[in-house]
Amino acid sequence: SSLSQSQWSLQLASDHSLGAREFPINSDTSNLVGRCAEAQIHINSDAISRQQAELQVVQGKLLVRDLGSRNGTFLNDKKVNEGYADPGDKISFGK
């Protein structure tokens, strides 16, 4: 039997000034979140570091890794250096 590849995306929910945006997560590589131009998930907010975090699909789960950001990365309101997110979990950047 074949497993269907899960489709992950990140939806911006907290800052309406950025608009209701959805970013697809590339399951074949790591996805950089930050303010820098190279970020696959570019979020232009002062609360976000240039290289805030990395999101990567690992064995069907979403690995969330903070990259030493100034304001932290949070998974379901708990500060994490690294953790796995489930569909529907809340990931926050900066506080």
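Residues numbered from 1 in each chain as written. Predicted model: local features only at pLDDT ≥ 70, side-chain atom pairs only at ≥ 80, totals over all residues. Heavy atoms only, no water.

Residues and numbers for the pairing of strand E9 (residues 82-85), please.
Sheet faces and side chains relate simply in a regular strand, where the side chains alternate between the two faces. Burial of E9 is one-sided: the residues Gly 83 and Ala 85 facing one way are buried, the residues Glu 82 and Tyr 84 facing the other way are not. Inspection of the sheet shows strand E6 (residues 61-66) paired to E9 by four bridges, in the antiparallel sense. Considered in E9, the bridge of Arg 65 is made with Glu 82. (Buried < 20%, exposed > 50% of the residue type's maximum accessible area, 1.4 Å probe, protein only. Helix = DSSP H or I, 4+ residues; strand = E, 2+ residues; numbered from the N terminus. Pairing = 2+ DSSP bridges.)

Requested: an account of the environment of Glu 82, with residues and values cited.
Structurally, Glu 82 is set in strand E9. Here the alpha-carbon distance between Glu 82 and Leu 55, two residues 27 residues apart in the chain, equals 9.8 Å. With residues up to four places along the chain from it excluded, the contact list for Glu 82 reads Leu 63, Val 64 and Arg 65. Engagement of the side chain of Glu 82 in a polar contact is seen with the side chain of Arg 65, the distance being 3.0 Å. (Contact = heavy atoms within 4.5 Å. Polar contact = N/O pair within 3.5 Å; in protein donor to acceptor, adjacent residues only side chain to side chain.)

Report on the nonpolar core, specifying residues and quantitative values.
Judged by nonpolar contacts, the single largest core of 18 residues is most densely connected at Leu 10, Ile 25, Ile 41, Leu 55, Leu 62, Ile 91 and Phe 93. With three residues, strand E5 (residues 53-58) is the single largest residue contributor to this core. Discounting chain neighbours no more than four positions away, the residues touching Ile 91 are Leu 10, Leu 62, Val 64, Phe 74, Leu 75 and Ala 85. (Core = buried A, V, L, I, M, F, W, Y, C linked by side-chain atoms within 4.5 Å.)

Summarise the sheet that holds strand E10 (residues 91-93); cite the residues concerned and give the values.
Strand order in the open sheet formed by three strands is E8-E7-E10, and the pairing between neighbours is antiparallel. The sheet is open, and its two edges are formed by strand E8 (78-80) and E10, each paired on a single side. Neighbour-to-neighbour, the strand axes of this sheet turn through a mean angle of 35°, independent of strand direction. Pairing analysis gives three bridges linking strand E7 (residues 73-75) to E10, with the strands arranged antiparallel. (Axes fitted to C-alpha atoms, helices over the stretch in contact; angles between N-to-C directions.)

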